[in-house]
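# Structural features, examined
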Amino acid sequence: MISLSRISARGALALAVCAAALTLPAAAQARVFIGLGLGVPYAYPAPVYVPPPVYYAPPPAYYPPPPVAYAPPVAYAAPPAYSPAPAGYGGTCYAGAYTCPAAQNLPAGSECTCAGIGAPSYGTVH
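On a predicted model such as this, the values are computed, not experimentally measured, just so you know.

Where a strand is regular, its side chains alternate between the two sheet faces. Pairing of strand S1 (residues 89-95) with strand S2 (residues 98-107) involves six bridges; the strand directions are antiparallel. Each bridged residue has a counterpart across the sheet, and for Tyr94 the counterpart in S2 is Thr99. Linking two consecutive strands that pair antiparallel, namely S1 and S2, is a turn of two residues; a positive phi of about 65° is found at Gly96 within it. Where S1 meets strand S4 (residues 120-125), two bridges bridge the pair, whose relative direction is antiparallel. Residue pairing for S4: Cys93 is matched across the bridge by Val125.

Structure, rendered in structure tokens:
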């Protein structure tokens, strides 16, 4: 059960909050001014129009190339020469989603492994 002193304490608190709200300053009032535009007129000078030039020069016959920002390479290295696998042998291991070079040329159809994510994947040589 709620005691009478607790109710009166809550009532006093509510009364203090309401009194504080009433003592706050009032909201600002907006001001509106309506003018008639009477006053001393200002005379603007007339715009000045400049005619275009009499002669436009044609573009140059030759534009020089831009400056070289880097030196082009002298030559590219040739790719290494690979010898094809002998007939009946393969050098590529096909293991499901993985394809990798075999460690050595193995007979076609033999088992091989490719290093997968976590564990090796088993497949066959083609």
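Right, let's talk about the sheet that holds S4 for a bit. Taken together, the four strands give an open sheet; going across it, the order is S2-S1-S4-S3, and neighbouring strands pair in antiparallel fashion. In the strand order of this sheet, the two ends are held by S2 and strand S3 (111-115), each with one partner. Taking the axes of each pair of neighbouring strands and ignoring which way they run, one obtains an average angle of 35° across the sheet.

Scanning the entire structure with this criterion turns up two disulfides. Put simply, Cys93 and Cys112 are joined by a disulfide, and their sulfur atoms are 1.8 Å apart. Disulfide Cys93-Cys112: the torsion about the S-S bond is 90°, which places it as right-handed. Of the two residues, Cys93 sits in strand S1 while Cys112 sits in strand S3, which places them 19 residues apart along the sequence. Each member of the pair, Cys93 as well as Cys112, carries the same accessibility label: buried. Put simply, Cys100 and Cys114 are joined by a disulfide, and their sulfur atoms are 2.0 Å apart. One disulfide, between Cys100 and Cys114, carries an S-S torsion of -90° and so falls in the left-handed class. You can see Cys100 sitting in strand S2 and its partner Cys114 sitting in strand S3, a full 14 residues away along the chain. The pair formed by Cys100 and Cys114 is uniform in burial state, with each residue classed as buried.

Cut-off values and rules
Within any chain, residue numbers begin from 1 and follow the written order of that chain's sequence. Residues qualify for local features only when their pLDDT is at least 70, as the model is predicted, and side-chain atom pairs are given and counted only at 80 or more; totals for whole chains, interfaces and linings, by contrast, use all residues. Side-chain measures here rest on the full set of heavy atoms in the structure, leaving out hydrogens and waters. At least two DSSP bridges between two strands are required for those strands to pair. In DSSP terms, a helix is any run of H or I states spanning at least four residues, a strand is any run of E spanning at least two, and both are numbered starting from the N terminus. Note on geometry: axes are C-alpha line fits, over the in-contact stretch for helices, and angles between N-to-C directions span 0 to 180 degrees. Pairs of cysteine sulfur atoms within 2.5 Å are what we label disulfides. For the exposure calls, accessible area comes from a 1.4 Å probe over protein chains only, and a residue counts as buried if that area is under 20% of its type's maximum, exposed if over 50%, partly exposed in between.

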